[in-house]
Amino acid sequence: MQQFVTEQHKEKAIDALQRIVKIPSYLKESSPNAPFGKDIVDCLKETLTLFEEEGFTTYLDPDGYYGYADIGEGEETFGVLCHLDVVPPGNTELWSVPPFLADVVDGKIIGRGVQDDKGPTIAALYALKAVLDSGVNPTKKVRFIFGTDEETLWRCMEHYHKNETPIDLGFAPDAKFPLIYAEKGLLQAYVTGPGSTEFKMNGGSALNVVPDSASYSGDAAAKVTKVLQELGYDYKETADGVTVSGKSVHSKDAPKGVNAITRLSEALAQVISHPAIDFLGTVVKEDATGSSVVGDISDEVSGKLSFNVATVVIDDKESKIGLDLRLPVTFTKDEVVEKLEKKLSEYDLTYHEFDYLESLYVPKESELIQSLLGAYRDVTNDMTEPLVSGGATFARTMKNCVAFGAMFKGTVDTMHQPNETWVLDEMERAMIIYAEAFNRICVKS
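Listed under Cofactor (unreviewed entry) in UniProt, the entry text for the protein chain is "Zn(2+)".

The following block contains the structure:
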């Protein structure tokens, strides 16, 4: 098997990744031609510039929703589906370096987006460049598609599909190796109810993140802290209340996190009575599988449902709870929502759907999966079978497309967490795998 990736390719990949990580491309207020904020468009423009420097032709959507970069020609188009938006940095005091410095420390690069998804995007770029630099010619057009709204509503891809021709096959470098052939359904919703003039509560920053902080302010602070002590939950007293700490992970892995909102609610429910607090603190509690709300929902293919109470705001106007559910592939949205609404009605709370993505499934026997899997196995000698994921990647927006890398079985998952980190040796290994995959599918000697 030919080795395509050189030291020069690795060095250029690190430099390129630093260039785009330094732009804080998380969702902000929209402006003309920047529907998700100026920083996201700036990151998109810088990325397109990078690809132009490497010989690609590029296109920037004039409305600022997406961009793409093409190289090669052929009757088929092979797509690499990437996203340049990131989640907010969260509490910057928990970072060892500034989240947008993109510093390299002890063989690792640290910064928001190095794992999700700027790092894998750059790894795929220089993997393809390494193959083309060896003197081969593409048999397909290769198109890198850059989304800008993956962490929220995927409006970027809606606009792409309105304006562009679909790809024929491809992958999203936004998950784990060896590859993801099935993705759980994604359901995001808000739950609303009455507010309160006696206290305020805030927690969470994004629907796809387990919240690591939740705060209460009100006259019952002393009683709440006493209960938190009894429960053994981490907290800090503030001038007018208390803040509970948790552990952030991606919503798809909600049972692995520590939810600050539900922990605070569990304590509050012993001190005050309020519909939203009663629901969160006496029903949900620390159950991140939703079994206490909708019953045991699981299947043999994709496991249990995950249930993340991602955000909460309770003020004098209303209570609003943000939920993120990942549905096993054999369950429909309607049967889950019916059970959820029934439970919410017991607490005078109202369900509002925010977003829904159907599950993804591509047969293991398909030519695409066999080619990608063969490249991974030949490089790593790892015969692990393709995976099912609770994550939602852009792969499900296209036909004949799967999530392929770039994290490994032993990779420490720091996506959406403080000190998001990618080991440079793992980045190189991913580049080698991607290069072999491009060589098998997209070029000829």
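Still more to cover.
Caption draft 1: Region of the structure containing the packing of aromatic side chains. This model, assessed by the stated rule, comprises 25 aromatic pairs. Relative to F404, the ring of F177 lies with its centre 5.2 Å away and its plane at 85°, an arrangement referred to as edge-to-face. Of the two residues, F177 is situated in the loop between β9 (175-176) and β10 (180-183) and F404 in the loop between β23 (401-403) and β24 (406-407); the sequence distance between them amounts to 227 residues. On the basis of relative accessible area, F177 is assigned to the buried category, the value being 4%. Relative accessible area serves as the criterion here: at 0%, F404 is assigned to the buried category. With a centroid separation of 6.0 Å and 65° between ring planes, the pair formed by Y181 and Y361 is classed as edge-to-face. Residue Y181 is found in strand β10, and its partner Y361 is found in strand β21 (residues 360-361); the two are separated by 180 residues along the sequence. According to the relative accessible area criterion, Y361 is exposed, its value standing at 56%.

Caption draft 2: The sheet that holds strand β19 (residues 318-327), seen in detail. If you trace the 8 strands from one edge of the open sheet to the other, you get β14-β15-β13-β12-β18-β19-β11-β20, paired in antiparallel fashion. Each of the sheet's edge strands pairs with one partner strand only, and the pair in question is β14 (235-237) and β20 (350-357). The sheet shows a mean angle of 20° between the axes of neighbouring strands, taken without regard to direction. Two strands pair when backbone bridges link them, and strand β13 (residues 213-218) and strand β15 (residues 241-245) are joined in this way by 5 bridges, in the antiparallel orientation. Within the sheet, the bridge partner assigned to S213 lies in β15 and is S245. In the packing of helix α6 (residues 260-268) onto the sheet, contacts are made with β12 (199-203), β13, β15 and β18 (306-314), and the angle to β13 comes to roughly 30°. Of the strands in this sheet, β11 (185-194), β12, β18 and β19 are in contact with helix α7 (residues 275-284), which crosses β18 at around 155°.

What counts and what doesn't
Residues numbered from 1 in each chain as written. Predicted model: local features only at pLDDT ≥ 70, side-chain atom pairs only at ≥ 80, totals over all residues. Heavy atoms only, no water. UniProt positions renumbered as here; feature names shortened; annotations may be inferred. Phe/Tyr/Trp six-rings, centres within 6.5 Å; stacked < 30°, edge-to-face > 60°. Helix = DSSP H or I, 4+ residues; strand = E, 2+ residues; numbered from the N terminus. Buried < 20%, exposed > 50% of the residue type's maximum accessible area, 1.4 Å probe, protein only. Pairing = 2+ DSSP bridges. Axes fitted to C-alpha atoms, helices over the stretch in contact; angles between N-to-C directions. Contact = heavy atoms within 4.5 Å.

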